[in-house]
Structures are given as C-alpha cells and as structure tokens.
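Spelled out, the chains give:
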Amino acid sequence: MMIDANLLPFNVDELVKSKAWHNATPEQRRKFISAGVTFDTVLTHYADKYRAKKTVKGEFIACVLWDFYFDLFCSPVENGSFDFELDQVYQVFDGKASIDQYSERLLDEARHPKRWIKRLKEAYRENKVRIIESAMDDHGNIDLDLINDDSVEYRDYLY
C-alpha cells in the first residue's frame, strides 16, 4: 500500500521502515492509518478548543493533551520506535496482532475524548495552586506559555 504522506497529519517516514509495518497486511495498515488520523483529528480538536479559551485551565488541558498525543502516538510512529512500542506494549494477545491492538487503542481513545477532559479537569482541581504558580513569570504575571514546561508531569492522568 502506498501512502501519500502529504495527506496525513503525521510523518510516516520511520513507520514505513519498521518491521511491524512490513509484516502487517494491507487491511492492518489501513486500519492503523485510519485509527491514527482519527486519533490525531479528535485530539487536535479538543486541544485547540481548550487552548482557544486563553485561560490557565484551558492551556493546561491543551498542553497535557499534546503531551499525551506525542507519548502515545507521535513518538512511536515518527521517531522510529514503532517496533519497540508494539513489542513492549502491544504484544500478541488472544490471537490479535500487536498492530491491531494499537489501532484499537487509538480508536478507543478517539471515541471517548470526554474521558480525557474529565481526568484533566480533575488533575487541574487537585493541582490548581501548583499549576498557576508554574504559569507565573518573574514579575508575578500569568504567562500561558510557561504551562507547557510542566504539563508532561500530568500526562499520567490519561493512562
């Protein structure tokens, strides 16, 4: 299956070099690409929606969503660790290939984005003071760009 990389919202250069990609059937490849595009689209929608609020809470939610996106999807797919991810996290189970499990995980995450928001609002409530303090610049003003510096610490709320 040829992939027109210009049509995808993520880079597939490393993905197509992986052993798992070469071992996958055309149907498994289509399913994975479809799941990746769906996950990317849904997460981007919610991250953009909350970032547009221009509040500490909105920026926090957007930043953690992007950290989650990079950890769950971009890092394995774009950075050449796709085979490692499949071998370590999505081992063959119950006769299902690891690439199929990964595709199902991405689709499941994309189908339930409100679950992300609920968990991140909870994380914000539990850590509000610390998050706001980390968003303050040297003059005591809120700088939304600073939230990204600490957002990775809260990514585990989504796992």
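To be clear, the structure that these remarks concern was listed above.
I will try to describe carefully the structure that is included in this document. Not measured: the values here are computed from a predicted model. Within every chain, residues take consecutive numbers counted from 1 along the sequence as written. Only residues with pLDDT of at least 70 are given local features in this predicted model, and only at 80 or more are side-chain atom pairs given and counted; all residues enter the totals for whole chains, interfaces and linings. Hydrogens and water are ignored here; the side-chain numbers use all heavy atoms of the structure.

So, the packing of aromatic side chains
Defined as follows: Centres within 6.5 Å are what make two rings of Phe, Tyr or Trp a pair, Trp counting through its six-membered ring; a difference in plane orientation under 30 degrees is then read as stacked, over 60 as edge-to-face, and the rest as tilted. Every helix listed is a DSSP run of H or I at least four residues long, and every strand listed is a run of E at least two residues long, numbered separately from the N terminus. Only protein chains enter the accessibility calculation, which uses a 1.4 Å probe; a residue is then buried when its area is under 20% of its type maximum, exposed when over 50%, and partly exposed in between.
Evaluation of the coordinates by the stated rule reveals 18 aromatic pairs. With 4.8 Å between their ring centres and 90 degrees between their planes, Phe-10 and Phe-73 make a pair best called edge-to-face. Of this pair, Phe-10 sits in the segment before helix H1 (19–23) while Phe-73 sits in helix H3 (residues 56–78), and the two are 63 residues apart along the sequence. On the basis of relative accessible area, Phe-10 is assigned to the buried category, the value being 4%. Taken together, a centroid distance of 5.3 Å and an interplanar angle of 45 degrees make the contact between Phe-32 and Tyr-102 tilted. Highlighted residues: Phe-32 in helix H2 (residues 26–51) and Tyr-102 in helix H5 (residues 98–111), separated in sequence by 70 residues. The same class applies to Phe-32 and to Tyr-102, which are both buried.

Here we look at a positive patch on the surface
Applied cut-off: Note on patches: the residues involved have over 30% relative accessible area and no salt bridge, like charges join within 9 Å, and the nonpolar side chains Val, Leu, Ile, Met, Phe, Trp and Tyr join within 5 Å. Surface accessibility follows the Shrake-Rupley procedure with a 1.4 Å probe radius. Residue values consider only the protein chains on display as shielding. What makes a salt bridge here is a side-chain nitrogen of Lys or Arg within 4 Å of a carboxyl oxygen of Asp or Glu, nothing more. For this count, His and the chain ends are skipped, Lys and Arg are scored as positive, and Asp and Glu as negative. By convention, the charge on Lys lies at NZ, on Arg at CZ, on Asp at CG and on Glu at CD.
The grouping of Lys-49, Lys-53, Lys-57, Lys-114, Arg-125 and Lys-128 at the surface amounts to a positive patch. Top contributing element to the positive patch by residue count: helix H6 (residues 113–134), with three residues. Secondary-structure assignment places Lys-57 in helix H3. By relative accessible area, which is 33% here, Lys-57 ends up partly exposed.

Describing the pattern of salt bridges
The tally for this structure, following the rule as stated, stands at 11 salt bridges. Two residues, Arg-51 and Glu-59, come together in a salt bridge whose shortest N-O distance is 3.0 Å. With a relative accessible area of 8%, Glu-59 lands in the buried category. Among the salt bridges present, the one from Asp-108 reaches Arg-115, with a minimum N-O distance of 3.2 Å. Judged by its relative accessible area of 29%, Asp-108 is partly exposed.

Let's talk about the environment of Tyr-102
Here is the rule: What makes two residues a contact is simply this: any of their non-hydrogen atoms within 4.5 Å. Pairs of N or O atoms within 3.5 Å make up the polar contacts considered here, provided that, within protein, one atom can donate a hydrogen while the other can accept it, and that residues adjacent in sequence are counted only when both atoms are side-chain atoms.
The buried category is assigned to Tyr-102, whose relative accessible area is 0%. C-alpha of Tyr-102 to C-alpha of Val-129: the two residues are 27 residues apart in sequence and 36 Å apart in space. If we ignore the near neighbours within four places in the chain, the residues touching Tyr-102 are Phe-32, Leu-72, Phe-73, Pro-76, Val-77, Phe-82, Glu-85, Leu-86 and Tyr-90. Polar contacts involving the side chain of Tyr-102 include one to the main-chain carbonyl oxygen of Leu-72, which spans 2.5 Å.

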